[in-house]
Amino acid sequence: MALIALAADKGAPGVTTAATALGAVWPRAVLVAECDTAGGDLAYRLPAQGGGALNPARGLLSLGATARRGLQPQQIQEHTQQLVGGLEVLIGINGAEQAAGLTWLWDPLAQALKAMPADVLADCGRIGSNPEILDLLVQADLVVLFARPTLDQVAHLRERVVTLGRALAERGRRHPEIGVVMVAEQREYGRALAEVRRVMQGAGLPDVVLGGLAYDVKGADLLRGEWGGRLDRTLLIRSAREVVGTLLARVPGPVGPPAREAAR
Ligand SMILES: Nc1ncnc2c1ncn2[C@@H]1O[C@H](COP(=O)(O)OP(=O)(O)OP(=O)(O)O)[C@@H](O)[C@H]1O
Ligand SMILES: [Mg+2]
């Protein structure tokens, strides 16, 4: 189904946190795939379903080892695990050294992820330093860049939207739309979104702002533990629901979501 790439230009605005929060409230079958070439964090951050630790060796690396001769969508499921709460994840590699041996993987991986019977949220990390991830990004249905509303991040974001748009257009005739989600305190949303729109407009860019995700320390901390009623009511999760609606409106997929979240 849909492949949505989540990424940042620089800094650590909260891409991995956003991937987890969006995945947790995604209303259709979904897989969070850690494709950050700088290394994944989920295995060290969140417990597995049942309370034990996630297995850091079962994920992208083990998938890569079996996929040299071709990658079928059904192979991916053999390398995924479930987070506490039931979210399906493909655990990432542990850093740049492993990524160096997997530069060939991103193109077949994107094809296989798109052919899965679930939407995929691919956490692609910071995209400036790992150009090979363009092989995956160009095949996504939507690329979402996350940033915080600081002067430097907004300036870098503008440059990234321009260079990424160019790089994607060079690679594929059919290339994905780029959208921006600002991670900001809720009372700053209006100002932050208006500021980014103004900066983009000044650079002659279309309106790429998709919305805001709450900067919510309590919610981000709770996301490291068990899913519970308290997490459900956090600003982070409530804002994630709104972002999910915006993203789903922009990607292909069946109409009428199955009640994955309602079943929770
Ligand atoms: N929406 C948020 N509200 C509050 N804190 C957040 C939020 N998102 C992330 N954080 C915090 O910021 C830090 C970095 O978050 P995260 O790992 O999600 O960022 P990232 O963009 O994936 O970084 P990296 O590029 O290192 O992978 C973490 O301590 C996390 O708890
Ligand atoms: Mg991350």
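Just so it is clear, the model here is predicted, and its values are computed rather than measured.

1. Here's the deal with the overall build of the chain
Here's step 1: When helices and strands are tallied, the chain shows 12 helices and 8 strands.
Here's step 2: Relative to the compact-globule value of 18 Å for 264 residues, the chain shows a C-alpha radius of gyration of 17 Å, a close match.
Here's step 3: For the chain, the spread of C-alpha atoms along the principal axes amounts to about 50 × 45 × 35 Å.
Here's step 4: Counting across all 264 residues of the chain, residues that qualify as buried make up 45%.
Here's step 5: Partitioning the intrachain contacts of the chain with sequence separation of at least 6 by distance along the chain shows that 77% fall at a separation of at least 24.

2. As for helix α1 (residues 15-25)
Here's step 1: Among the 11 residues that make up α1, 11 are buried, leaving the element largely enclosed by the rest of the structure.
Here's step 2: Residues of α1 that are buried include every one of Val 15, Thr 16, Thr 17, Ala 18, Ala 19, Thr 20, Ala 21, Leu 22, Gly 23, Ala 24 and Val 25, and no others.

3. Things to note about the site of ligand 1
Here's step 1: Close to ligand 1 lie 19 residues, the nearest being Ala 12, Gly 14, Thr 16, Thr 17 and Ala 220.
Here's step 2: Of all the secondary-structure elements, those providing two or more residues to the shell around ligand 1 are α1, β5 (119-126), β8 (209-214) and α10 (217-222).
Here's step 3: For the shell around ligand 1, the element with the most residues is α1, which contributes 3 residues.
Here's step 4: Split into classes, the residues belonging to the shell around ligand 1 amount to 11 nonpolar, 4 polar and 4 charged.

4. Section: the nonpolar core
Here's step 1: Counting 87 residues, the largest nonpolar core has Ile 4, Ala 5, Leu 6, Ala 122, Leu 136, Val 144 and Leu 145 as its most contacted members.
Here's step 2: In terms of residue count, the dominant contributor to this core is α1 (7 residues).
Here's step 3: Not counting residues within four places of it along the chain, the set of residues in contact with Ala 122 comprises Leu 3, Ile 4, Ala 5, Leu 6, Ala 33, Cys 35, Leu 113 and Leu 136.

5. Some details on helix α6 (residues 106-114)
Here's step 1: Three or more residues of α6 are buried, namely Trp 106, Leu 109, Ala 110, Ala 112 and Leu 113. All buried residues of α6 fall inside an arc of 165 degrees around its axis, so they share one side.
Here's step 2: Against β1 (3-8), β2 (30-34), α4 (73-77), β5 and α7 (134-137) lie the buried residues of α6.

6. So, the pairing of β5
Here's step 1: β5 sits mainly inside the fold: 7 of its 8 residues count as buried.
Here's step 2: Bridge analysis of β1 against β5 gives 5 bridges, and the strand direction is parallel. Looking across to β5, one finds that Leu 3 is bridged to Val 120.
Here's step 3: As judged from the 5 bridges shared by β2 and β5, these two strands associate in the parallel manner. Across the sheet, Val 32 pairs through a bridge with Leu 121, a residue of β5.

Conventions we followed
Residues numbered from 1 in each chain as written. Chains lettered and ligands numbered in written order. Predicted model: local features only at pLDDT ≥ 70, side-chain atom pairs only at ≥ 80, totals over all residues. Helix = DSSP H or I, 4+ residues; strand = E, 2+ residues; numbered from the N terminus. Rg over C-alpha atoms; globule rule 2.2 N^0.38 Å. Buried ≥ 20, exposed ≤ 12 C-beta atoms within 10 Å, placed from the backbone. Contact = placed C-beta atoms within 7 Å. Near = placed C-beta within 6 Å. Nonpolar A, V, L, I, M, F, W, Y, C, P; charged D, E, K, R; others polar. Core = buried A, V, L, I, M, F, W, Y, C linked by C-beta atoms within 7 Å. Arc of directions from axis to C-beta. Pairing = 2+ DSSP bridges.

By themselves, these observations are geometric and do not establish any function.
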